[in-house]
Each structure stands twice: as structure tokens, then as C-alpha cells.
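The primary structure of each chain is shown beneath.
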Amino acid sequence: MSYLERWWRDASEAEKRDFITLVKNGQLEIVGGGWVMNDEANSHYYAIIEQITEGNLWLKNTVGVIPRNAWAIDPFGHSPTMAYLLRRMGFQNMLIQRTHYEVKKVLAREQNLEFVWRQSWDKSNTTDILCHMMPFYSYDIPHTCGPEPAICCQFDYWRLPGSGAAQRCPWGYDPQVITEDNVKERSEMLLDQYRKKSTLYKTNTLLVPLGDDFRYITSAEASLQFENYQKIFDYINKHPKLKAEVQFGTLEDYFKAIRDELDVRKKDLKLPTLSGDFFTYADRVHDYWSGYYVSRPFYKSVDRVLEETLRAADILFSLSSAYCQAHGPDRFPLPFTEKIRSARRTLALFQHHDGVTGTAKNHVVVDYAQKMHSALLDLQKFMAQSVAVLLGRSMSGQGSCTVVNPDMFIPEKEQTSYGVLPIRKKVDLVSSQVQRVIFYNPLEEDVDQVVMVLVEQTNVCVVGSDWKPIESQISPEWRNSKDLAGTRHRLHWQVHVPAMGLQTFFIFVAQGSQSCKPAQIADIKVFHPTDAFTCPPPYKCSQTEEKVVEIQNERVKLVFSVQDGLLHSWKDYKSGNVMSLKEDVALYSSYGSGAYLFKPVGEARSIVSPGGLIVVTQGPLMQEVLTQPKTDWSLSPASRMARVYNGIDTVQSFMAEMVYHVELLDHAFNDKELIVLFETDLDTGNTFFTDLNGFQTISRETRGKIPLQGNYYPMPSLAFLQGSEGHRFSLHSRQSLGVASLKSGALEVMLDRRLTRDDERGLGQGVLDNRPMDVTFHLLLESNVTSLPSIAASTPRVPSLLSHRILAQLNYPMHTFFGNIENASDVQASHLQKTFAPLAVNFPCDLHVVSLKMPEPLGFSASTSHGAEYVLILHRRGWDNSYCRRGQMQCRTVADEQVNAQDIFVELDSSIATPSSLNLIHDSTRDFGYIEISGRKGGKGSEHKWLIDMAPMEIQAFKFDMSLGKGKQSLQDD
């Protein structure tokens, strides 16, 4: 709809009326109706929901139609997540094209190219959607009428010599204008192709698309195609002996005919049911489209940052709106409703199958990047002002919501340009000055976490909102340059931030006061120091002859090789298990790789040699190993920071953080693809697991009969290995990348690729616009806690509850804001609240708030007294209960029982919710696949309750109203 919306802006009223008439008459059908035709490998399910919703709502509100049929002819492989989301949006039918050519052959052989696509975890058949797979190489005219493109091309009349403007048919046979003399011969030739194609399907109705990219841009082409085909159709329809009827139609016409035939022939005609995905796509022998899983990874990372920032801003906007509406229509100070809509559309636009995939031309990539950068700046400014509104409210919940100083709070991270990593602001204080630091937690659960901000001084301390001292740690800020040590310092301390809430902390200069607990200075150890390395004051850097390098907390110990600084093993203190976990960094050389294709020459070769700088930082809250590996290049293409955190009752304490700084910038890395490899001692055979769109997981098998590149799969956020006795190694990612397990117990992830060649799939260039970037993984080692001695290969694999929580905190991190520098006396007298905790109770640990938003935010000068409409989208995660049920700590409830959403908020009253389709279009649950959906329940005493009762894996949307409750407990500082 992004293109249609752009045309609509400039169209005349007469053109708009004509367009609507064509659609309402069924002469023109809008299929899918998303903002774009999204990628299905890299896109996260949150972004997919956003982009389809944005397009569908615009279409409904502007044109007055609701799409029922989905059309995805160009994404490079297809995900069952898409099928699920479409069904839950009210779609009945879908069409796909790009699947492995061998898969098409197998399905065509059994006439199974039309099937019912069902989710692998669905036991009640509510996710079923009818899917049509196109049978041939492409969706252009030469590959849609039948199996012989040389013949089909002769029926593309825009290729007529002297009349059409399209490229001539490459097979040497041109189209012919249909005349009385040739209509019989041409009709029978085309009908022969139709008959051959029809043998690949079970039904008697055949779909023959007639179009291509960049077609029908002139009325001349439309006339040529229509006039010649109509003559052929008239001839066929007038000759019953041909036993065929042909007509122009829409996708809706086709699927209606199919369903009518299935209904009539229900005794002898039944479509098969399939589950699973269609990755990795190959269109020719050894040409696997696994390169785009990684192409332009910097912008894949920006995509996720925009996604989580938009979600966080939507939640703040919803809460701010509900609190501030009570104070009058003109009191809300945030004129950002159009900015939020623009940010949603920017995120939606980048989900295009040539956007997040990294397969656009350079100038298009820059345009995407500039739009995302602008959206991020707007959202950060918006959130900073929302923080001021929510903390500026009076203790009783009354008073003005106007922000006197719009710059009262600023984001801690600064987005200076579209093509560089964000810069972290620092705290610079003198005696008696205080820095107010606000943490915003966008998750539906309280978060306990060790956090970090940059400071100019080392003699600082941290206090909480109650002004009690908090243990903290100070360590150098290491930079990604030869001059490793900068002038700034990292200040770590542990925070507790309420769900969807705000918490304030204060930093000030330590002056020996009893109320101040100075930050503990970290110890620094250095191995193989270079001449350029200098120990930053006031730290003491010791050189040691130790045999191994170790960092640890109370749960985890990581051991590194002193020779090269790479990870060697992992010890879990609770179980006593020690797992061999060998890390390596390697490069593939490629001869034919491009933006789409991955075509390596042999296996990856390690680039790490003995030596290289190793810097170990150790303190009470955080320990880390910085490795700048020795390579054949003066500037290594990658360095790595490995960390463990030692917080109390934190999710962090169970995992290891690995941050790879990647700079594949020099021409020396042309036609190279960089990977990180983890080799464990788990006996995994040829099986490993990846996620699909951050929504579900799927088993992968490494097959020796296909080339290496065919064994690479998309990893939007998670991959894991599981041994026969239940030991599991999980890798959680902040961005989409490509992953493989080429031998038992090994997991490799591609980090970046630099390519000089075009792979002849339409881009027309290589990929040489690499950017310096950070790739963050959270690693987790778990042991099965059941008594099962082994796990059957057929047992479904889903993440543990702990794994889900680690992934949530990685992908939806806390946002940090700085207040203006204040004097200590002013802080004590400040009217600003220090805590904002909107939830009365946390959601169950397996119930994730996908979104809380106002889908069509109104300016409050136009708002009405009854309040705005809000949407809550929930996902009940599927999780493996053979691992620790409580997610190791804090998780007291899961969503096995109904949740009363009516009492979730402390001060806000919410109306009984109306169940909705995920695109917010349909309110009848049968339209989107449910027989019954959670929501209002009958029975004594429950008529005014909003009860949530969801099956694992399901995503549900609810529309409701919120307003400031009368007589409810107001929010107070701790």
C-alpha cells in the first residue's frame, strides 16, 4: 500500500472515485494489502504484524475494502509464521512462488502444489490456510502459462516487435498479433500449455498470472494484452470440443472457484496438509539464496533497534495518553501523533523483500537508512518528553500534564548519523552536582539488571530513589581502535525497574560522605600487550604469566585460551557441568556470492593466530575479556568482548554476553564472508534448531548431499544445539543473521560479507558499503531437569522459559535518559516523582506483550470525552517445561490459568476488551480462525471481567479503552 498511498496523495477526486468503483465491482482486487510485500526470513513477527496492519487499516479507511487473499510472489523463501499471521488476520487464502526447485518438483509430481498450510504445533486445526504454490521458475509471463517458456513468451504481447516496449523473447520466437488467420493455431498452442500445467494440480481450475515487475505502466500495454488474449479466449469458449473455458479474473475469483469445486467434490477431492517452512530457497543447481540472510547486517541491526524503540514508544504513548486525558483535551504536550505514524510506516517500509534483506541498490539503502534514522530521532525525543510527563505528575494523579521544559530529559544514546553506531553520552560532574538517571523498562515483567553509563570521573557513587547507596563498579571504556583506552569510564550498578515503568537513580561525585559508597575500581590484566597499549589512569594494569584466562560470577565460569584469547570452555556451577566451548573467527572466500547468493569456495578458514592483545577487566558486578586477535592484517576485521554479570537474581547471571565489533571495510576483504564458530562437545548429529521470525522454532538437518550454502538457514533471533541427554547450548541474537551447523556439536553464524560481484538476480551490483558495527549474542548453557535419560529425536524443541526471558531482555532492552545536571539541594526539593509503576501485577512469565498502542493516535485537541481506542496484542510463548519451570527465578506464574486483565493497571480503568484480528480489521472470531477466543466470560461475578485464556504459541489482539480510574490507588514513590 506504500505505492498506492503515494499515488493517492496526488490523484484527483475523479481518479479516486474511479479506482474505488473498480475495486468495489470486483474488476480490480487488492491482494495482501500490506504496506509492502515483506521478507519472510529476516523480518520479526512484530514488524510483519505492523506492516500488514498499517497497510490494511489504510486500505479499509481510504478505499473501504478488506483483503481476503494474500499474494507473495517475490520473497526468497517462505515462512509458516506468515501463514499463521495471515490466518489470524482473517485471510482465507494465500499464494507463494519462490521455493526450492526440487520441492516444486516433488509437490508437482503428486499434484500437491495446492495444500492446506498448518502450524506444526496446532492440534485443533484453527491455523489452516489454503495455499497455492506457483509451479515454475518465475512469476513472469514466460514462466506462468505452462512448462515451456519459449512458447509462453510468445503470448506476452508487450514483447511484440514494433509495438511493445519490453525486451524481445530470448528464445528467438516473437509474439504474433492475433488475427482470424492464426487464432486457431495460437489458441491451441496456448491451450496445450494450460493443459500441461493443469496436470500439476488436483482441481479443474487453473490460475495463469499475466504480468511481471514494472508492467502495465501504460495503457498501451494493457490494451495489447487484453485485445489479443480476448480473441484467444473467445475462440476457445466458442469451441466446446476444446473442453475448456477461459476468462479474465482476480485472485478472489480463482480461490472461490477452487473452494466451490472442493465443496462439490468433497468425497473424491481433498487437498493435503503440510507443516514446516520453505527455506533455503534455490532457483538453480547450487544457487542457494542464503546470502541475503546476512547482507548489509548493519542495517538489519538498525531495523531491530527501530522495532524495539517503536514498541517502547507506543507503550509510553498509550500510558501517557490514558493518564493525561483526564486533565482536558488541550493539556497533553506531545504533538507527535503523526511522528508515530511515520515511524510505523518507516519500519513497515523496510520489511520489503529488498529492504531488510540487504538486496537494494546503494542509493535505495541510503534512503531506507535516512528514514530509519529520522524515525529513531523522533521516537527518542518523544519518549524523553513522555518520561517528563509521567514523572512530572502530582502525587495524587491530578494537575497539569504539561512539560514546562521540553528538554528536561535527553536520551543517553545519541543517533548522530544514519550510517554509524550510536554514541553514548557521558556524565560529567563537579562537586555538589547530581546527575538524575531514568531507566524505562518496556517489558511486561520487572527487570533486575546490571546497567552501565559512561562517566568522566572515577570518584563517583550511585544512590537509589530512596537516596540509599548502591554498590557500583568503575572500569575503563575500551575503544575499537589501536589507541584502546579512552578518557571515559564505565559505571556499572544493579537496578530494579518495574514492568513498563520508570525508575530513577542519582550519580554524584564521591566526597567521603557517609551516604556515598564510591564505585569500586576494577582490576585490569593484560596479555600480549602491544606498543600502542597504555594503561589508563587511575587503573593498575598487571601483566601475568597465568596459563588460562578466566572470568566468572556465582553461576558461570568462562575459560579462554591465553594463546589467542578465544573462548575455550564453560562451567556451570549449579550442575557442575563443564562443556567444551571453542570459539573461532574465520573467513569464507567466495567466487560467485552476491547480495542474494552465498557461493563459497570450500570451508571457512580461521584467521586467528597465537598472540594478539587480551585485556581482562574484573570487578564485583561485571567481568570481561577483550580480545583483539592476531591476524594477517594490521587491522583485524573483528574483535570480541566477552562478559559475565554478577547481579543478584538477574537473568544476566545465567548467560554470557559476546559482542563482536566487525569492520569488513578494506579491499583486502573483498569477496570474503566473516563467521564466528562455536564448537561444543554435544552429540547433536546433523540436527540443530533455529527460530522463525522470532515467533517459533524449527528443526534443521544438515545434509551432506547438498552444498554447504544450502545448509545455511535464517536466524532472526535464536539458534540452539541439543545433545542426546538434554544439554542445550543456545545463542540469542539482537539481529537477523545466517546460521549453520556443519558438523556435530558446532554452530557457526555469519557476521558480515563484502562482495564485488553481482550474482545476476536483479541487483546489478556487489555489496561494498560495509559499516563498522557491533553484533551482540547472549549465550546460554542449560541442562534438562527431568529424569529422562535421553530425548527422542521426534520430541518438539522450543526454548526454555529462561531462554525466552534472555531473548526478551536482549531484544527489548531498557532505555536510559539523563536529566539536567542539578544541585543536591534541588534534587531533594524536586517535585518530580522517582518511580512510575503502572502495573498492579506482572503478566505471567510466558505471556508477552507484543504491543500496547493506539493504532490510530488522535491529537488531543480533537479527542473526545469517552477516550481513545487502545490495542493490546499478547503472545503466549511456547516453552520447554523439561527445563527449569520458573525461568530460574522470579517467575511465579505462567498462563495455564485465566488472567484477569481488568486489574492489571494500578490507576487505570480498562473496559471489557473486544477480541480482534491481528490486523485490527475483524471483530468476529470466526473470521480469523478461532471457534472461541479469550475475552469476556459469562457466569456469576464474571460479567465485568476481562479474562485472558490463551493456548501456548497463540497471538491474540484486544481492543479496549483506558482512563484514569476513580478511587484507584495512585502511584507513589518507593
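As annotated in an unreviewed UniProt entry, the protein carries the name Alpha-mannosidase and is attributed to Ceratopteris richardii. The UniProt entry for the protein carries the following text under Pathway (unreviewed entry): "Protein modification; protein glycosylation." Per UniProt, the protein has the following entry under Sequence similarities (unreviewed entry): "Belongs to the glycosyl hydrolase 38 family."

Q: Which parts of the structure should I look at to understand helix α11 (residues 337-350)?
A: Every α-helix carries 3.6 residues per turn, so stepping three or four residues along brings you back to the same face. Compared with an ideal rise of 1.5 Å per residue, which puts 14 residues at 20 Å, α11 spans 20 Å between its outermost C-alpha atoms and is within 8% of the ideal. Within α11 the residues assigned to the buried category are Thr 337, Ile 340, Ala 343, Arg 344, Arg 345, Thr 346, Leu 347, Ala 348 and Phe 350.

Q: Honestly, the state of the cysteines in this entry has me stumped. Any pointers?
A: Note on terminology: disulfide describes a covalent bond linking the sulfur atoms of two cysteines. One pass over the full model with this rule turns up four disulfides. Covalently, Cys 153 is tied to Cys 169 through a disulfide, its sulfur atoms 2.1 Å apart. Its torsion about the S-S bond being -100°, the disulfide of Cys 153 and Cys 169 is classed as left-handed. Taken together, the residues Cys 153 in the loop between α6 (149-152) and α7 (183-198) and Cys 169 in the loop between α6 and α7 connect sequence positions 16 residues apart. Take Cys 169: its relative accessible area is 7%, and that puts it in the buried class. Put simply, Cys 535 and Cys 541 are joined by a disulfide, and their sulfur atoms are 2.0 Å apart. Because the sign of the S-S torsion sets the handedness, a value of about 80° for the bond joining Cys 535 and Cys 541 places this disulfide among the right-handed ones. Look at Cys 541 and you get partly exposed, because its relative accessible area is 23%.

Q: Can you walk me through the sheet that holds strand β35 (residues 718-722) in this structure?
A: Hydrogen bonding along the main chain pairs the strands of a sheet, whether they run parallel or antiparallel. Strand order across the open sheet formed by 11 strands is β21-β20-β27-β28-β29-β30-β39-β36-β35-β32-β33, with mixed pairing between neighbours. Looking at strand neighbours, the two that pair on one side only are β21 (541-543) and β33 (696-701), the edges of this open sheet. Averaged over all neighbouring strand pairs, the angle between strand axes comes to 20°, with direction disregarded. Both strand β30 (residues 655-662) and strand β39 (residues 773-782) contribute to a ladder of eight bridges, which runs antiparallel. Bridge assignment links His 661 to a residue of β39, and that residue is Asp 774. Along the sheet, helix α13 (residues 801-811) contacts β30, β35, β36 (728-733) and β39; its crossing angle with β39, the most-contacted strand, is approximately 165°.

Q: What exactly am I supposed to notice about helix α9 (residues 251-264) here?
A: Across its 14 residues, α9 extends 20 Å between first and last C-alpha, which sits within 8% of the 20 Å expected from 1.5 Å per residue. All buried positions along α9 are accounted for by Leu 251, Tyr 254, Phe 255, Ile 258, Glu 261 and Leu 262. Along α9, the residues classed as buried sweep out an arc of 125° about the axis, all on the same side. Contact partners of the buried residues in α9: β1 (69-72), β2 (93-96), β3 (114-117) and β4 (129-133).

Q: Can you walk me through the environment of His 815 in this structure?
A: Counting through the fold element by element, His 815 comes out in strand β40 (residues 815-819). Among the residues examined, His 815 registers a relative accessible area of 11% and is labelled buried. Along the primary structure His 815 and Lys 413 are separated by 402 residues, whereas in three dimensions their C-alpha atoms are 8.8 Å apart. Here His 815 is in contact with Glu 308, Thr 309, Ala 312, Met 383, Ile 438, Phe 439 and Tyr 440, once residues within four sequence places are set aside. Side chain to side chain, His 815 and Glu 308 meet in a polar contact 2.8 Å long.

Q: I'm lost on empty space enclosed by the protein in this one. Help?
A: Space left empty within the atom packing is revealed by a probe, the size of a water molecule, rolled over the atoms. Here the structure, examined in full by the defined rule, presents eight cavities of 30 Å³ or more. By volume, the largest cavity amounts to about 260 Å³. Lining the largest cavity are 21 residues, and of these Gly 694, Phe 695, His 804, Leu 807 and Arg 877 lie nearest its centre. If you list the elements that add at least two residues to the lining of the largest cavity, you get β33 and α13. Top contributing element to the lining of the largest cavity by residue count: α13, with four residues. Its residues assigned to classes, the lining of the largest cavity shows nine nonpolar, 10 polar and two charged. The dominant element in the lining of the second largest cavity, judged by the number of residues it contributes, is helix α10 (residues 297-324), at three residues. Its residues placed into classes, the lining of the second largest cavity shows five nonpolar, one polar and four charged.

Q: It is not clear to me how the environment of Phe 506 should be interpreted in this structure. Could you clarify?
A: Along the chain, the position of Phe 506 falls in strand β18 (residues 502-509). A residue is classified by how much of its surface remains accessible, and Phe 506, at 0% relative accessible area, is buried.

Rules behind the numbers
- Every chain is numbered on its own, with residues counted from 1 as its sequence reads.
- Reporting in this predicted model follows two pLDDT cut-offs: at least 70 for local features of residues, and 80 or more for side-chain atom pairs to be given and counted; totals over whole chains, interfaces and linings ignore these cut-offs and use all residues.
- Each side-chain value is worked out from all heavy atoms of the structure, with water and hydrogens disregarded.
- UniProt positions are given in the numbering used here, feature names are shortened, and annotations may be inferred rather than shown by experiment.
- Numbering of helices and strands runs from the N terminus, with a helix taken as a DSSP run of H or I at least four residues long and a strand as a DSSP run of E at least two residues long.
- In a helix, the anticipated span is given by 1.5 Å times the number of residues less one.
- Relative accessibility thresholds used throughout: buried, under 20% of the residue-type maximum; exposed, over 50%; partly exposed, between the two (1.4 Å probe, protein chains only).
- Only a pair of cysteine sulfur atoms within 2.5 Å counts as a disulfide in this structure description.
- In short, DSSP must find at least two bridges between two strands for them to pair.
- Interaxial angle, 0 to 180 degrees, is taken between N-to-C directions of lines fitted to C-alpha atoms, where a helix line uses only the stretch in contact.
- Working rule for contacts: check all heavy atoms of both residues, and any pair within 4.5 Å makes them a contact.
- This arc is taken over the directions from the axis of the helix to the C-beta atoms.
- In the analysis that follows, any N or O atom pair within 3.5 Å is treated as a polar contact, provided that within protein one partner can donate a hydrogen and the other can accept it, and provided that, for residues neighboring in sequence, both atoms belong to side chains.
- Throughout, the protein atoms alone are placed on a 1 Å grid, and a set of points is a cavity if a 1.4 Å probe fits but cannot get out or a pocket if it is open with protein on both sides within 12 Å along at least five of seven lines; lining residues have an atom within 4 Å of a point.
- Grid points are joined across faces, edges and corners, and a volume is the space filled by probe spheres set on the points.
- All residues other than Ala, Val, Leu, Ile, Met, Phe, Trp, Tyr, Cys, Pro, Asp, Glu, Lys and Arg, Gly among them, are scored as polar; the first ten of these are nonpolar and the last four charged.

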